[in-house]
Amino acid sequence: MRAVVLSVLLAPCLAAEPEVADFGKTVDGTAVQIYTLKNDKGITAKVMTRGATLVQLHTPDRSGGTDDVILGWDSVAGYESEDNQYFGCTTGRVCNRIAKGKFSLDGKDYTLAINNEPNHLHGGVERSLDKVVWKAKGYSNDRGHGVRFSYTSPDGEEGYPGKLSVKVTYFLAKDAPRLSITYVATTDKATPVNLTNHAYFNLGGAGSDTVLNHQLQLNADNYTPCDDTLIPTGDIATVDGTPLDFRKMKKIGARIEKLTDTAALGYDHNFVLNPKQDKDKTHNLAAVLRDPESGRTLRIMTQEPGIQFYSGNFLKGQQGKDGKTYAHRSALCLETQHFPDSVNHDNFPSTILEPGKEYRTSTLLIFGTFEKKKK
Ligand code: GAL
């Protein structure tokens with residue numbers, strides 16, 4: 001009897017921990033590990049310590065086949081190459097753009113690296129969160145398997161004030177097709193923080209030709225219009241009557257050509273999410289993506305106020321995992337976030353983290369399938 005009680009009590013702790021393996025070394029010789037999370041719903045996610053990056057994400061299609069639906073590489077060298085456009089990484093300290101790399105905080109002016117002329121993009125050049133190697137710990141409990149990444153960014157790293165401690169946890173639910181990404185940060189000086197994940201999805205499988213045949217719905221009546229360098233003007237404008245109206249499910253390719261000759265080169269816009277309808281729910285619906293071919297769906301729920309929909313306009317045919325080619329617009333990003341350049345716009349929700357306060361936010365990726373319409 002005692003043994004039965006004991007095993008019931010211990011069962012959650014005894015669940016097998018996520019498998020960990022060596023993934024190679026960075027150019028400066030730092031070892032990188034990769035963790036595997038698996039569940040009963042046919043989902044496998046692999047995450048590595050360089051950049052707390054999502055490297056693989058296998059999900060079932062409507063006929064029971066499985067594909068890896070995100071772009072990436074088979075080695076650290078691929079991630080360190082010029083071809084890497086933030087594939088799957090944790091992006092920060094501040095994702096998206098900061099105008100001319102400048103901001104003022106508590107009476108002090110700060111200047112950051114200009115790595116996307118004339119602006120600062122995705123946290124900087126050498127020590128942005130996507131490029132550093134994080135500490136990691138795999139764990140399991142009765143709800144599923146996870147990996148906790150942690151990194152402490154010293155005061156002044158990439159020009160940002162304050163020593164910032166960041167934790168990113170990937171958690172794959174045991175009995176639901178759901179991967180959650182939770183971000184927690186604390187600082188010793190006021191500093192801007194805006195963290196996201198930069199996975200490139202193609203629900204037909206990474207390396208499929210295009211995402212223009214995917215359908216998208218965004219829970220957004222408004223977006224933040226930008227100048228020619230993709231910096232928000234500060235306005236909040238309606239999507240009504242524009243190619244950005246995804247309030248009803250729309251094929252991505254249907255109106256994209258109207259945007260090809262704009263500064264965004266396609267879709268590359270921050271959408272302002274409508275307020276959460278159900279106050280009891282922890283997360284707001286942000287996006288629903290569907291691929292009619294494979295039948296896969298992805299629902300994104302978040303605690304962030306915005307989402308950047310980027311249609312892979314800079315993908316250039318680089319070769320990734322399994323020698324597959326990543327053509328122009330063959331994958332897309334849906335980056336949950338605070339609005340771009342918030343640090344220079346008082347009317348946007350603030351991205352400033354104060355000492356003694358905790359930054360905490362999470363985003364859920366929920367996979368599913370839908371049946372083909374009967375003709
Ligand atoms: C996106 C951004 C794009 C581009 C891309 C990386 O988040 O919106 O403009 O910079 O990252 O290539």
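Residues numbered from 1 in each chain as written. Predicted model: local features only at pLDDT ≥ 70, side-chain atom pairs only at ≥ 80, totals over all residues. Heavy atoms only, no water.

Caption draft 1: Layout of the side chain of T351. Within the fold, T351 resides in the loop between β27 (333–337) and β28 (352–353). If we ignore the near neighbours within four places in the chain, the residues touching T351 are T191, P192, V193, N194, H338, S342 and V343. (Helix = DSSP H or I, 4+ residues; strand = E, 2+ residues; numbered from the N terminus. Contact = heavy atoms within 4.5 Å.)

Caption draft 2: Molecular detail of the packing of aromatic side chains. With the rule as written, the count across this model stands at 14 aromatic pairs. Seen from their ring centres, W73 and Y79 are 5.5 Å apart, and the 80° between their planes marks the pair as edge-to-face. Each member of the pair W73 and Y79 is classed as buried. A ring pair is formed by F246 and F309, whose centres lie 5.7 Å apart and whose planes are at 90°; its orientation type is edge-to-face. (Phe/Tyr/Trp six-rings, centres within 6.5 Å; stacked < 30°, edge-to-face > 60°. Buried < 20%, exposed > 50% of the residue type's maximum accessible area, 1.4 Å probe, protein only.)

Caption draft 3: Highlighting the environment of G306. Looking at the element boundaries, G306 is found in strand β24 (residues 306–310). Sequence-wise, G306 and H338 are 32 residues apart; in three dimensions their C-alpha atoms are separated by 5.5 Å. Apart from residues no more than four positions distant in its own chain, G306 is found in contact with N270, F271, L273, E335, T336, Q337 and F339.

Caption draft 4: Spotlight on the site of the ligand. Taken together, Q85, Y86, R97, L121, H122, H198, Y200, D268, Q308, Y310, F314 and E335 make up the full set of residues near the ligand. A distance of 2.8 Å is found between an oxygen atom of the ligand and a side-chain nitrogen or oxygen belonging to H198. Here an oxygen atom of the ligand and a side-chain polar atom of Q308 are 3.4 Å apart. Relative to its free-state accessible area of 310 Å², the ligand is covered by the protein chains to the extent of 96%. Of the residues assigned to the shell around the ligand, the class counts are five nonpolar, four polar and three charged. (Near = heavy atom within 4 Å. Polar contact = N/O pair within 3.5 Å; in protein donor to acceptor, adjacent residues only side chain to side chain. Areas by Shrake-Rupley, 256 points an atom, 1.4 Å probe, with all protein chains shown as cover. Nonpolar A, V, L, I, M, F, W, Y, C, P; charged D, E, K, R; others polar.)

Caption draft 5: Main features of the nonpolar core. Ranked by size, the top nonpolar core spans 57 residues in total, and within it L57, F201, F271, F309 and L334 carry the most contacts. Here this core takes five residues from strand β13 (residues 164–173), the largest share from any one element. Discounting chain neighbours no more than four positions away, the residues touching F201 are L57, V69, I70, V211, L289, L298, A331, L332, L365 and F367. Grouped together as the second largest cluster of nonpolar side chains are 17 residues, I34, W73, Y200 and A331 included. (Core = buried A, V, L, I, M, F, W, Y, C linked by side-chain atoms within 4.5 Å.)

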